[in-house]
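Observations on the three-dimensional arrangement
So you can see what is in the structure, the chains are spelled out below.
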Amino acid sequence: MACPLRKRGRGFPAVVLGLLAGTLVLLFPSFSPAAPPGTQIRNVASLVAPPVVPLPGISSNQTTVTVDNAVAVAISPPGSAVVYPGTTVSYRHTVTNLGNVSDVMDIEGTSSLGLSYTIYAADGVTPLGDSNGNGRPDVGSLPPGGSVDIVIRIVVPATAHNPQVDVTTVSAVPATAP
């Protein structure tokens, strides 16, 4: 029984060689990682065989993806310090909106030893407010790519015992995140 591919003038070994030795080329248009919602991204995949294999290039159908709202945030840098009973330590962090829509960034924290902390604006004096009224301090609305500095001040009570290790975790959470 003859191979059905031979009827078209191509031998089976050439097709296998073309698929095994071919190069899949995916071309993506240039776009910002935080493309605005509604942006349409079109894509076509192509398979190109090496010159020694007499096969034409093959392209897929064009597909289109529409960008949806994306909420993402980063807070950095991490910090550590040695502190003693009866002292305070302050850390400066930068909160950045990595999403593609403006969003209010809530700031949340926990201390493994239950130490008290206060979250301040970049000046280190003004406590953060609650601009969206959800009961959590926030940095207000940040546009895509926007950033703002905050200061976290942790108080170590004079009654704390040495040595102890506290892990205070501070998170920035988009208010619209589920």
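Structure: see above.
Quick look at the structure, then. (Residues numbered from 1 in each chain as written. Predicted model: local features only at pLDDT ≥ 70, side-chain atom pairs only at ≥ 80, totals over all residues. Heavy atoms only, no water.)

**Quick notes on the sheet that holds strand 8 (residues 116-121)**
The four strands are arranged 5-6-10-8 in an open sheet whose pairing can be described as antiparallel. Every other strand in the sheet has two partners, leaving strand 5 (73-76) and strand 8 as the edge strands with one partner each. Averaged over all pairs of adjacent strands, the angle between their axes in this sheet comes to 25°, without regard to strand direction. Pairing between strand 6 (residues 88-97) and strand 10 (residues 147-155): nine bridges, direction antiparallel. Following the sheet pairing, V95 is matched in strand 10 by V148. (Pairing = 2+ DSSP bridges. Helix = DSSP H or I, 4+ residues; strand = E, 2+ residues; numbered from the N terminus. Axes fitted to C-alpha atoms, helices over the stretch in contact; angles between N-to-C directions.)

**Comments concerning the environment of S131**
Looking at where S131 falls in the secondary structure, it is placed in the loop between strand 8 and strand 9 (138-142). Excluding its chain neighbours within four sequence positions, the residues that come into contact with S131 are V104, D138 and G140. A polar side-chain atom of S131 sits 2.8 Å from a polar atom in the side chain of D138. (Contact = heavy atoms within 4.5 Å. Polar contact = N/O pair within 3.5 Å; in protein donor to acceptor, adjacent residues only side chain to side chain.)

**Some words on the sheet that holds strand 9**
One open sheet holds the three strands; their spatial order is 9-7-11, and the pairing between them is antiparallel. The sheet terminates laterally at strand 9 and strand 11 (168-174), the two strands that pair on one side only. On average, each strand axis in the sheet is inclined to that of its neighbour by 20°, with strand direction left out of account. Inspection of the sheet shows strand 7 (residues 103-111) paired to strand 9 by three bridges, in the antiparallel sense. Note that in strand 9 the partner of D103 across the bridge is L142.

**Considerations on the nonpolar core**
Core analysis: the biggest nonpolar cluster contains 16 residues, and V95, I107, V139 and I150 have the highest contact counts within it. Secondary structure elements with two or more residues in this core: strand 6, strand 7, strand 9, strand 10 and strand 11. Leave out the neighbours within four places in its chain, and V95 touches V73, A74, I75, M105, I107, V139, L142, G146, S147, V148, I150 and A172. (Core = buried A, V, L, I, M, F, W, Y, C linked by side-chain atoms within 4.5 Å. Buried < 20%, exposed > 50% of the residue type's maximum accessible area, 1.4 Å probe, protein only.)

**Quick look at the side chain of S46**
Inspection of the secondary structure puts S46 in strand 2 (residues 40-48). Judged by relative accessible area, S46 falls into the buried class, the value being 18%. A polar contact of 3.3 Å, which involves the side chain of S46, links it to the side chain of S59.

**So, the pairing of strand 6**
In the sheet, strand 5 pairs with strand 6 via four bridges, with the strands oriented antiparallel. Opposite I75, over in strand 6, you have V95 as the bridge partner.

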